[in-house]
Amino acid sequence: MAKRYLIAGNWKMNKTSGEAKALVEGIVAAVGKQTSVDVAVCPTFTSLETASKALAGSSVKLGAQNMYPKPSGAYTGEISADMLLDFGCTYVVLGHSERREYFKETDEFINEKVKSALSAGMKPILCVGETLEQREGGSTIDVVSKQVLGGLKDVPASQAENVVVAYEPVWAIGTGKTATPAMAQEVHAEIRKNLVSLFEEAGNNIQILYGGSMKPENAEALLKEKDIDGGLIGGASLKADSFASLVNTAISLSK
């Protein structure tokens, strides 16, 4: 089965509603008609409605940056899967390193979110990755494997096709540092082994994204690696031309 790329933009805490509209319109104008590569944008909660309207009629999908695992209730400040679906969200980013670090999210809690998203019919983008200290200590594979297996615990193989995993070396996010293609592929290959151990053959078809400062200059080399199926894009997703360039690189490699 030919590799199908996914290029997803994680805007983090950037862009007002008006700015989001302009950015989405730029992305749609550039790559909103192509269908050979999966494309998604993940704005802040406050821009989801605006983005959803601007994406209408295009091939670009909408994603959110987080969600709470419970369907409703007294959880002040939280957002449920149904609320995201109401805006037309297809994807939701879960377990991002910033959520793990700043908000102390555990593998167990992230696993709850993953199962809740899947039950609601959404595609979770499960983020995993090691810190610089962990890499230098030689524990990269152990850390990442624990996060993959913990985050996907008790997910049935029948739902594997809706799972996406993003490897984001924490030391390469927003620092300008990037894992070499070989370094990234080494970890992606281990993630693939974990996915096959969980889901057997279905694990070979799960998209594994690279999420550590992918940009137009390094995208082609990264995307050519066997187990790198796309990118979870941070800084480069905040400009329509940069993001479109990454999508076009993936399109060219799909031919």
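Colleague: Tell me about the packing of helix 5 (residues 107-119) against helix 7 (residues 140-151), residues and numbers included.
Modeller: The N-to-C vectors of helix 5 and helix 7 enclose an angle of 45°; their axes lie 8 Å apart at closest approach. It follows that helix 5 is oblique to helix 7 by the angle criterion. In this structure, helix 5 contributes Asp107, Asn111 and Val114 to the contact, and helix 7 contributes Lys146, Gln147, Gly150 and Gly151. Of the residues in the contact of helix 5 with helix 7, the class split is one nonpolar, four polar and two charged.

Colleague: Please give an account of the packing of helix 1 (residues 17-31) against helix 10 (residues 240-254) that cites residues and values.
Modeller: Where helix 1 contacts helix 10, the axes come no closer than 9 Å and their chain directions differ by 35°. Our pair here, helix 1 against helix 10, has a crossing hand that is right-handed. Contacts between helix 1 and helix 10 involve Leu23, Gly26, Ile27, Ala30 and Val31 on the former and, on the latter, Ala240, Phe243, Ala244, Val247 and Asn248. Split by residue class, the contact of helix 1 with helix 10 holds eight nonpolar, two polar and no charged.

Colleague: Account for the state of the cysteines, with residues named and values stated.
Modeller: Counting across every chain of the model gives zero disulfides. Cysteine 42 takes part in no disulfide bond, and the closest cysteine sulfur to it belongs to cysteine 89, at a distance of 8.0 Å. The closest cysteine sulfur to the non-disulfide-bonded cysteine 127 is located on cysteine 42, 9.3 Å from its own sulfur. Residue classification places cysteine 127 among the buried positions, given a relative accessible area of 0%.

Definitions and cut-offs
Residues numbered from 1 in each chain as written. Predicted model: local features only at pLDDT ≥ 70, side-chain atom pairs only at ≥ 80, totals over all residues. Heavy atoms only, no water. Axes fitted to C-alpha atoms, helices over the stretch in contact; angles between N-to-C directions. Helix = DSSP H or I, 4+ residues; strand = E, 2+ residues; numbered from the N terminus. Parallel < 35°, antiparallel > 145°, perpendicular 65-115°, else oblique. Contact = heavy atoms within 4.5 Å. Nonpolar A, V, L, I, M, F, W, Y, C, P; charged D, E, K, R; others polar. Left-handed = near helix turned anticlockwise from the far one by under 90°. Disulfide = S-S within 2.5 Å. Buried < 20%, exposed > 50% of the residue type's maximum accessible area, 1.4 Å probe, protein only.

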